[in-house]
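Analysis of the macromolecular model
Below, each chain spelled out in residue letters.
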Amino acid sequence: MTRPPMPEHRPDRVPFWQHLAMFRRDILSTQPARLYRAKMAEVKLPFLHSVMVNTPDLVRLVLQERAGDFPKSERVREGLRPLLGNSVFVTNGALWQRQRRMIDPAFEGGRLRDTFPAMWQAAQSAAGRVAPGETEVEAVMSHAAADVIFRTLFSVPIEDDTARQVYQTFRSHQRSAPILNLAALFRMPKVMPRIFSRKTRETAAHIRRLITQMTTARMDAIRTGTAPDDLATKIMTTRDPVTGDVFDTEEMVDQVAIFFLAGHETSASALAWSLYLIATHPEWQAQLADEAKALRPYLDQGISPDFGVLRRFPLIRDTFREALRLYPPVPMLVRETAQHEQFRDRQFGKGTQVVVSLWHMGRNENIWSDPHEFRPERWQQDDTKTCARDAYLPFSVGARVCPGAGFAMAEAVLILARLLCDYEFHPVAGRVPVPMAHMTVRARDGIWLDLRAR
Ligand code: HEM
């Protein structure tokens, strides 16, 4: 059995300058292995005071019980603002509540069902784009997940001229983004993120111009009664039940930017790691391929399945769950204290960065059995329920839980099933992916797999 790859861990004590250099590269390999067991870890430097909370009770406190006292960190907001403006991902307080009131209805169960045909089209296109041979699957999955977002949000495929430009600009934006890690945790002079991220700001502005075009066109279509019934129309026509108003164009551009970013980067990361885990566990893969045969009749007859077909893929669903545990696309959440706090026996002043590491909770050695192993069958066992309640947070928990969780599970299971119908996945010798955190958890040199036609 192949053990899923882990990042290298730094020794417990390293000189400050070396720590800083590691931070710049990747936030995961900056962490010592003891964090898989530690209850809490504090870092106190002249320009950084941060604490990682690593026990279920503290995580619950920060994300659920007193979430209002631990708002999104201003430093994370600063780093993301060029792309996301005032989107729901970065706002706090009353503005954030208003945005969630208008966004959440678009992701309710019934609406998810309505988006299914668009997801199926995207899964079909993804299967059509791949070919046998050695393939870098992160890129394939990014393409597929971006296609899902454009089809469900704006009823256009990724081949649409503006959609394609958003996607391509985003890829170059992403390459200049690791600075976010630094900006997120260090109290740097305000000018620092600006100097470092000029390219990031330029690509962000370009993406926002393109999204503005799409949003303005949709506003016009809503006015003339010609808008398709998709997620964008739903969000743009949903009235805030408290104030009665709808999003204006600028606000909607902010929200579309986060749907695009949060909605495709995350799913693409988890899908690519899922395929790697599947490829390295051939016996399990054979069972999944068997399950995926439920799609065959639809493919043979050239018809679309409906949402209910997802119930036929319990093992594929468990595989994706396990991939999210081992490689949570959003590895860490960063909040800050709004007032003085005491965690365990330690005191923390206002403005302390509070980090919840979804990566470390998912592999917590005090909670999970075989935490670093790929064991998808654990999801069929009763004792996993307790571990999951305490330490499984790939979509976060509490009021700020990911609104796209159900959407992401549906698209992922569907895309994996569709690809397993046509292809066997095999690892490529000498190409073991090394996880690292960019905007999401990615592999340092991509994830290469050998695809063979079934
Ligand atoms: C496997 C896929 C996904 C994962 C693992 C994931 C994970 C997360 C996590 C951990 C957060 C909380 C971040 C924080 O509080 O700092 C979040 C928030 C969010 N996600 Fe997702 N997400 C996924 C897919 C999606 C999709 C498909 C959409 C929309 C189409 C989406 C939209 C959002 C939005 C709008 C937020 C901000 C919510 C708020 O702050 O109130 N996500 N997601």
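Scroll up a little and you will see the structure.
Comments concerning the site of the ligand
Around the ligand lies a shell of 26 residues, among which Trp96, Arg100, Arg335, Arg400 and Cys402 are the nearest. In this structure, an oxygen atom belonging to the ligand sits 2.7 Å away from a side-chain N or O atom of Trp96. Residue Arg400 places a side-chain N or O atom 2.9 Å away from an oxygen atom belonging to the ligand. Taken together, the residues of the shell around the ligand break down into 17 nonpolar, 5 polar and 4 charged.

Concerning the packing of aromatic side chains
Throughout the structure, instances matching the rule amount to 13 aromatic pairs. Ring centres of Phe70 and Phe343 lie 6.0 Å apart, and the angle between their planes is 35°; on these two criteria the pair is classed as tilted. Taken together, the residues Phe70 in the loop between helix H2 (56-65) and helix H3 (74-84) and Phe343 in strand E5 (residues 341-343) connect sequence positions 273 residues apart. The pair Phe70 / Phe343 is uniform in exposure class, with both members buried. Centroid distance Tyr327 to Trp359: 5.9 Å. Interplanar angle 70°. Geometry classified as edge-to-face. Of this pair, Tyr327 sits in the loop between helix H15 (314-326) and strand E4 (332-336) while Trp359 sits in helix H16 (residues 358-362); the two residues are 32 residues apart in sequence, bridging distant segments of the chain. When sorted by exposure, Tyr327 lands in the same class as Trp359, which is buried. Connected via pairs of aromatic rings, a cluster forms that spans Trp273, Tyr276, Tyr327 and Trp359. Above the face of the Phe89 ring, Lys72 is positioned so that its terminal group lies 3.6 Å from the ring centre. Here Arg325 stacks its cationic end above the ring of Trp368, 5.2 Å away from the centre of that ring.

Things to note about the coordination of the iron atom of the ligand
Ideal geometry at a metal gives 109.5 degrees between four tetrahedral donors and either 90 or 180 degrees between six octahedral ones. The protein gives the iron atom of the ligand a lone donor atom, Cys402 (SG), placed 2.3 Å from the metal. Here Cys402 shows up in the loop between helix H17 (384-391) and helix H18 (405-422).

Topic: the sheet that holds E4
Read across the open sheet, the 4 strands follow the order E1-E2-E7-E4; overall the sheet is mixed. Looking along the sheet, the strands with just one partner apiece sit at the ends: strand E1 (40-45) and E4. In this sheet, neighbouring strand axes are inclined to one another by 20° on average, regardless of whether the strands run parallel or antiparallel. Where strand E2 (residues 48-53) and strand E7 (residues 353-357) come together, 4 bridges link them in parallel fashion. By the bridge assignment for E7, Ser50 is matched with Gln353. In the packing of H2 onto the sheet, the strands contacted are E1, E2, E4 and E7, and the crossing angle to E7 comes to about 115°.

Some points on the packing of helix H6 (residues 137-154) against H18
It is at 12 Å that the axes of H6 and H18 come closest, and there the two elements cross at 125°. On the basis of the axis angle, H6 is oblique to H18. In terms of crossing hand, the pair formed by H6 and H18 is right-handed. In this structure, H6 contributes Met141, Ala144, Ala145, Val148, Ile149 and Thr152 to the contact, and H18 contributes Phe407, Glu411, Ile415 and Leu419. Across the contact of H6 with H18, the residue classes break down as 8 nonpolar, 1 polar and 1 charged.

Cut-offs applied
- Residues numbered from 1 in each chain as written.
- Predicted model: local features only at pLDDT ≥ 70, side-chain atom pairs only at ≥ 80, totals over all residues.
- Heavy atoms only, no water.
- Near = heavy atom within 4 Å.
- Polar contact = N/O pair within 3.5 Å; in protein donor to acceptor, adjacent residues only side chain to side chain.
- Nonpolar A, V, L, I, M, F, W, Y, C, P; charged D, E, K, R; others polar.
- Phe/Tyr/Trp six-rings, centres within 6.5 Å; stacked < 30°, edge-to-face > 60°.
- Helix = DSSP H or I, 4+ residues; strand = E, 2+ residues; numbered from the N terminus.
- Buried < 20%, exposed > 50% of the residue type's maximum accessible area, 1.4 Å probe, protein only.
- Lys NZ or Arg CZ within 6 Å of the ring centre and 35° of its normal.
- Donors = N, O, S within 2.8 Å, 3.2 Å for Na, K, Ca; no water.
- Pairing = 2+ DSSP bridges.
- Axes fitted to C-alpha atoms, helices over the stretch in contact; angles between N-to-C directions.
- Contact = heavy atoms within 4.5 Å.
- Parallel < 35°, antiparallel > 145°, perpendicular 65-115°, else oblique.
- Left-handed = near helix turned anticlockwise from the far one by under 90°.

Interpretation in functional terms is not warranted from these geometric data alone.
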